[in-house]
Every structure is written in C-alpha cells, then in structure tokens.
Amino acid sequence: MADPDFTPGGDVLVELMGRLGAEIGVYIAEQEPDAVDLPQVTRSRDLAKADFTVQWSAFAAKRKLNPVAYVTELAAGLQARIDGSSPRGLITRVSGVGPYLNLFVDRARVFRLALRAVAHAGNTFGHTNAAGGKRVIIEHTSSNPNAPLHIGNLRNVMIGAHLAKMQAACGFSVKQAFYVNDLGAQIGLTALAYSRIYHKIKPYMKIDHWIGAMYAVMNTCQELQNVGVEPGALEDACVSGKEAVDALMAEARAAAAGDEKRDKGVVEYFDIYQDLRARFEAMMTVMLEDVRQMGNIKVEAGKLNLAYEKQEEWAIKIFRKMVVDCLTGVQQTLSTYGVQHDQFDFESELGWEGSNDRVLEIMKNSDYYVPQTQCNAAGIPQGAYLDMAGFIADQGYKTGKGGYQKDYPPLYVLRPDGSTLYTYRDIVYSFKKAAQSDFILNIICSEQELAQQKVSLGMMMMNPDMRGRQYHLSYDLVKLTTGKMSGRRGRYLLADDLYDELKTVIREKMRKKYVDKGETVDEKMFDQVTHEVSTAAMKYALLSVGCLTQINFDIAKITDFEDSSAPFILYNSTRVASVVRKFEAKVSAGKLPTLPSLDGIDACKLDDAREWEMLMEYVLPFAGLIREGAMPVVPAPPALPSYGTHKVCDFLNGFVRALSGYYGPQGVRILPMDSQLEHGWAGVDTDATHARVQLCKAFKQVIDNGLRLLMIEPLERM
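Residues numbered from 1 in each chain as written. Predicted model: local features only at pLDDT ≥ 70, side-chain atom pairs only at ≥ 80, totals over all residues. Heavy atoms only, no water.

## As for the side chain of D51
For clarity, the threshold we go by: In this description a helix means any DSSP run of H or I spanning at least four residues, a strand means any run of E spanning at least two, and both kinds are numbered starting from the N terminus. Polar contacts, as used here, are pairs of N or O atoms within 3.5 Å; protein pairs need one atom able to donate a hydrogen and one able to accept it. Residues neighboring in sequence count only if both atoms are side-chain atoms. Residues are treated as being in contact if the distance between any of their heavy atoms lies within 4.5 Å.
Looking at where D51 falls in the secondary structure, it is placed in the loop between strand 1 (41-43) and strand 2 (52-55). A distance of 2.9 Å separates a polar atom in the side chain of D51 from the backbone nitrogen of V105. Look past the residues within four positions of D51 in its chain and what remains in contact with it is R43, S44, L103, F104, V105, R107, W612 and M616.

## Things to note about helix 14 (residues 355-364)
As a reminder of what qualifies: Under the scheme applied here, a residue whose accessible area is under 20% of the maximum for its type counts as buried, over 50% as exposed, and between as partly exposed, the area being computed with a 1.4 Å probe on protein chains only. Think of it as the arc spanned by the lines of direction from the helix axis to the C-beta atoms.
All buried positions along helix 14 are accounted for by S355, N356, V359, L360 and M363. Buried residues along helix 14 cover an arc of 125° about the axis, so they all sit on one side. Exposed side of helix 14, more than 90 degrees from the buried face: D357 and R358 are the residues found there. Looking at the buried residues of helix 14, the elements they touch are helix 13 (347-352), strand 8 (369-370), strand 9 (385-386), helix 16 (422-435) and helix 17 (449-462).

## Here we look at the packing of helix 16 against helix 17
Rules: Fitted lines through C-alpha atoms give the axes, limited to the stretch in contact for helices. The angle between two N-to-C directions lies from 0 to 180 degrees. Crossings are classed by handedness, with left-handed meaning an anticlockwise turn of the near helix from the far one by less than a right angle and right-handed meaning a clockwise turn. Amino acids are sorted into nonpolar (Ala, Val, Leu, Ile, Met, Phe, Trp, Tyr, Cys and Pro), charged (Asp, Glu, Lys and Arg) and polar (every other residue, Gly among them).
Direction vectors running N to C along helix 16 and helix 17 enclose 65°, while the axes themselves pass 9 Å from each other. Classified by chirality, the crossing of helix 17 by helix 16 is right-handed. Seen from helix 16, the contacting residues are T423, D426, I427, S430, F431 and A434; seen from helix 17, they are V455, G458, M459 and M462. Tallied by class, the residues present in the contact of helix 16 with helix 17 amount to six nonpolar, three polar and one charged.

## Topic: the sheet that holds strand 6 (residues 173-180)
To keep it simple, the criterion reads: Only strands that DSSP links by at least two bridges are regarded as paired with each other.
Ordered by their spatial adjacency, five strands build an open sheet running 7-6-5-11-12, and the pairing between neighbours is parallel. The sheet is open, and its two borders are formed by strand 7 (343-346) and strand 12 (470-475), each paired with just one other strand. Strand after strand, the sheet turns through a mean of 25° between neighbouring axes, direction not considered. Seen against the sheet, helix 12 (residues 313-336) touches strand 6 and strand 7 and runs at an angle of roughly 150° to strand 7.

## Quick look at empty space enclosed by the protein
Applied cut-off: Residues are called lining when one of their atoms sits within 4 Å of a cavity or pocket point, these points coming from a 1 Å grid over the protein atoms alone, where a cavity is a set in which a 1.4 Å probe fits but cannot get out and a pocket is an open set with protein on both sides within 12 Å along at least five of seven lines. Grid points are joined across faces, edges and corners, and a volume is the space filled by probe spheres set on the points.
Enumeration over the complete set of coordinates arrives at two cavities of 30 Å³ or more. In this structure, the largest cavity occupies an estimated 90 Å³ of space. As for the largest cavity, its lining consists of 13 residues, and the residues nearest its centre are Q453, S456, P637, P638 and L640. Residue assignment for the lining of the largest cavity shows that the elements contributing at least two residues are helix 17 and strand 12.

## Notes on the nonpolar core
Note the following rule: In these notes, a set of buried Ala, Val, Leu, Ile, Met, Phe, Trp, Tyr and Cys residues joined through side-chain atoms within 4.5 Å is what counts as a nonpolar core.
Residues I24, F52, W56, L101, L103, F553 and F655 are the most contacted members of the largest nonpolar core, which totals 201 residues. No other element matches helix 10 (residues 260-291), which puts 13 residues into this core. With sequence-adjacent residues up to four places away left out, W56 is seen in contact with I24, I28, P39, Y70, V71, L74, P99 and L101. Of all hydrophobic cores here, the second largest spans 34 residues; its members include M363, F391, Y408 and V413.

## Let's talk about the sheet that holds strand 10 (residues 411-412)
Sheet architecture is open: three strands sit in the order 8-9-10, paired in antiparallel fashion. The two strands at the open ends of the sheet, each matched to only one other strand, are strand 8 and strand 10. Pairing of strand 9 with strand 10 involves two bridges; the strand directions are antiparallel. Across the sheet, the residue bridging to L386 is L411, located in strand 10.

## With respect to the packing of aromatic side chains
For clarity, the cut-off: What counts as a ring pair is set by centres within 6.5 Å for rings of Phe, Tyr and Trp (its six-membered ring), and what kind of pair is set by the plane angle: stacked under 30 degrees, edge-to-face over 60, tilted for all other angles. Geometrically, a lysine NZ or arginine CZ counts as sitting over a ring once it is within 6 Å of the ring centre and also within 35 degrees of the ring normal.
This structure, assessed with the given rule, holds 24 aromatic pairs. The interplanar angle of 45° and the centroid separation of 5.6 Å between the aromatic rings of F59 and Y70 together place this pair among those described as tilted. Of the two residues, F59 is situated in helix 2 (residues 57-62) and Y70 in helix 3 (residues 67-84); the sequence distance between them amounts to 11 residues. Since its relative accessible area comes to 2%, F59 is described here as buried. With a relative accessible area of 17%, Y70 lands in the buried category. Between Y514 and F526, the aromatic rings sit 6.1 Å apart at their centres with planes inclined by 75°, giving edge-to-face as the arrangement. One end of the pair, Y514, is in helix 18 (residues 495-517); the other, F526, is in helix 19 (residues 523-543), with 12 residues separating them in the sequence. Grouping residues by exposure puts Y514 and F526 together as buried. One aromatic cluster in this structure is built from F125, Y618, F622, F651, F655 and F699. Between R93 and the ring centre of F104, over which it is positioned, the NZ or CZ distance is 3.8 Å.

Okay, structure coming up:
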C-alpha cells in the first residue's frame, strides 16, 4: 500500500515527523492509554547515527522513571512491534542511546514522498499557509522623489522586496508600499529648479539623475546666498577664470571674518559649485538665468511649497510633474531588479484628504499633548510635542536595558507656527496603513531607529490597540571602498551605474569562459543571461548578511564564480539543469530508456549518503527555513522581531556546495559514459540513472524556488 502524499501547502518535514511520532504513539498508547504528553520527533544532528530522534527525559521524569532505563525498554518493545508489523511503517529500526530514542526510517519511501511533494507543488514547494492570510504592509524604498536610487537605497529595496516574497510564501497577504515624501524644503527647492528650466532645456541624462542634479545645483545656490555670495557673481567669476574665483572667495571670506561657520560655508560651497559646474554646466547655465533674479531662493522655494500644501492648481502641476518624472526613473531602476510596489502613498495627500487635521484633533485631547508656544520657559518659541517620557512612566513600560531609553525625548509634532512636522505626518500615515492591514513593517536605515520608535509610541498613546501593530526592521549602511556619497554634490554610488559596472564585469568573465571552451554564443541569449547574473549578484550581495551587518561593497567578490555569490549559485544550479538536459539528449538519441514517472522509479537506488543528507538538510526543511526567516516571534515593544533576511542566501550557498561535491569528480556518476552505451544500455543500471535524474530535478526545483524568493530568475544555461 502506497504512503499517502504529504498535504499540499504543508510543511513536509513537520508532517513527516508527525507521521513518525504517530507510529511511536500507537505503541505508547498500548502501554499507557492516557499518555498525551509524548515528546516531539526531531531531526538527528548526525545522520550517520540516526535519521530522527526523540528525547524522553521530561516524559520519564514526570512518571518518576529512569529515562535511560525507560528508553532501553521502549526501544526493545518498539523494535519487536516494528519487526512483527504488516504493513510496515516508515520507521524500520530504533535504538536507545541514553535518554534518546534514535529512529531509522525507510529512506526509499521518504525519498518517494519528498520527490512527489516537490513535483506536485512545483514553483510553490516550500510555501505554506502558516500565516492564514494575515494582512501585512511592508513599506520600503520610500526614497526622496528628487534623486535617483543609490546603493544605500538599494539595500532597503532588497530587504523589503525579499521579505515580501518570504512572507507571501508563508501565507501572508502582503502589500508593498512606497511612501512618497513630496513635501519639505528639499522637494520645494527641486520643484523650484524644475519649474524654471524644464521648458528651456531637454534632459540629457536619465530623468531621475537629471532631477537629482537640479536639486544639487539649486541647493548649492541657496547655500551660497546663505553665506553672502550671489550665485550669479560666482558664475561670472568661473567664466572669467581662476583668479576671479579666488578674488571673489577672498572677498567673501573677508566679509565672514569672525564667523567661523560662515567662513567654512564659503570655502565648502565655492568648491561644490565648481564641482557641479564641471559636470552639469549646460544645465547650470540655463538655471543661473533665473537664479540671478531670485533675491532669496529659500523664500521662493517656501512660497512654492506653501502653494502646493494649499492645493493651488498651478503648484500641484509643478510638483506632481517633477515627482512623477523622478519616480518614473526610480521605477525603471526598480524594474531592472524585478521590484514592483503595490501602492504609492503621497505625503501631501494626508493633508489634502483631511487626515492630518483629524488625527491632530484626537492628539490634542491626549493628556500628553503639550501645545506650541511663542514663549516657553526659556523665553523662546517652542513647537507642540508629545510627552513620551510621561507616557512611558504612566504605562509602566520598562526602561533601561531591554526597554525604552531613560529620559525619553519628546516627540515634536508641530512647529511654533502650528505647521506639521514630518514626524507627525509619519504618525498619520502609520494610522492609514493600520486601517489597511493587521501588521505594519517599515524598512529603515539604523539611523532612523529612534524616530521610528517614537512613531510607534505615538500610535500607542492615541490608541492602545496599536501596541504591537507596527514594527521596523533596520539595516546598517553600505560602506564604499572609495569616496563618499553626497546629495549636495550630486554624487552617489548610483544603482544604475553600479548595475552597468556589474554587467561589464560579468560579461567579461562569462565571455572568457565561452572562449576558453571554444564555444560560440548567441548574443541575445548572452545579453539576457548576463543581465540576470548581474542583478542577481547585487541582490545576493545586499541580502547575504544580517541586516545590522555593515556591507563593504566589493565588486570583485560579488562577481566571483568560484565563491559565495549569486554567480556561483546560478552556475552550479545550471549544472544540475545540464545533467537533466544531457539525459534527455541521450533518450532522444535512443541511448537510454525514457524517464519513468515518479511512481515508476526505484528509490532504493538512491543509496549514496550524500543524497540522503541533501534531502534531509535542504529539501525537507525548506518550508521551515522560509517560515523561520519570515515569521520570527513578535515581541512586545520596544523589542523588535528578528527577521532572517540572509537565511535563503545561506541556504542556497550551502545547497549548491553540497551538490557540487555530490556530482563532482569525486562524487556520484549520475549518467553513464558514452563508452558504456556503445552497445546499448543492457549493462547499465538505468534504474539508478532514472532515480537520480528525478532527484536532480527535485534539487533544481528547490534551488529555483529559493532563487525566486531573492527575486532572482533561475537560469537553465550560463
């Protein structure tokens, strides 16, 4: 009688261990009918000593029995039952080792069950419904809509998109949100620049790069005005030459005498202006025509910002055109990496739709709300804030180690003039997300930890039901080997540029492999494959370490085909596909018989220890690995869940290394050599070949499913 298939959408390892436990339970029930506290079956740590094991110490202690003596007696009785059973169960042998009952199973039957489960589930093998459809919003990327994505942004993107894939595979209903910060001084400056030059000069670079350059230039012009230098005067000096620039700087520094901060600003922004001019002269020439007419850039940008917040139609047209243009460029970059958000939520609309006002009215009724004043105890204006320290104390929340910091700083929500701060709008947006979900997770840089914690506390203060509804996952920075990123200078390690550099390196390495093998290459296929390998290299590099580990970005390392990297994993994955392809070619040539169905293979032929180890270490635990990474314990705030966004990378790296040893020079010969087939396959163990080809197909499927969780498209050839 065939074993029933594993439950579709379930965890095959958990179900298998449940079946083994049930077999033991039948015997225990005969000895102790009322026993309901049977210990769980677990995987053995050493497959050379046992396949599974059960620890009986607590069970025996509860009955005041010696655990070693109990297990010895249990092993003898259970083995006698196994030997006399018909039909036989999955457990074929047991042995007692101290308080442990070691289990040995019918491996052929387990192989057959596992291979059927992988084949039936296909691309969803490893997926479960553990979360039961719980609604989750993962907010990630949320870069300022006035600049292109840089390497730091990209780490945020990859963590958020990968976690969305992981959680969806666990049965969550996941939405990926992008919060568009279309308010604030930076955006106002950029919109001002955009409004003045958009109709005068055609963009000569990717649109988000173009807009990022606009911001860098306009911000520099504003800063020059702040230190008493007119940008037009500096532009004229630059046209005249170095002597004129030096003379103007000397004059500006003399005017700043005694003001160290202003003097430093003069030197810094003269340098930045000339740096920008060397790269964006055509744009700056056009922009300076208008800048010369602006007595105060900050005031002009502020007027534009205010008009936008007030929903004046002319301002909306400027802002939205600029923001959408920039987001279009950003989405092109995201599409390169296979990332797509489900919703874009604009910060400005929180005010337009009345959410800001509604939440503020509720907040003002809080005992912890302190209104703004034009003259506080120190005699200066002060914005409205929430007394977070008082709230924490009144609620009895833990402070110090493992709790909230002592002397917790207030959360400012309004400026002295009553206008809202971005931290307040973050609270409003968080309530909006809460209305659409059961759980919120924000992906943030570690520098934003305190701000995010304040937002969650503010939500809890206003609605106790919000406790435990919103958490954040923080990540450390990406360290550059040379130089620094600077939005003010318009200098970034851009995601687009990095992709181009990665692809150049990958193309060189892969073309050399073809040349060394004497093979020709289809250029269209080559371009597609190198694209996939290049984006995969980036994704793996940003996800292969824990979120709080700083990344030292090294292109040589992440493009290494021989070490822990995406190219290494993809290359070894395609080797498995090559085994199946070569088998199919031999079948087509009439050299081997057709592959039978899974029911027709002899799984007893899968007798190499490495085959069992890979099944036990990588195939059966796959669903558990996903669940462990995507569904950690959610602690009470301020503690945070520990998401394992690096676990799939570790898993795939370990799996392909094991595979490489399995079918490598010192491994198992899966396919017979052509010399063995010169006179047909009569002398070949085709049963073993068929079983191992089916096993390779299952291995490839699991690897492919893991790659897709990393947003990496599996390859059949490289």
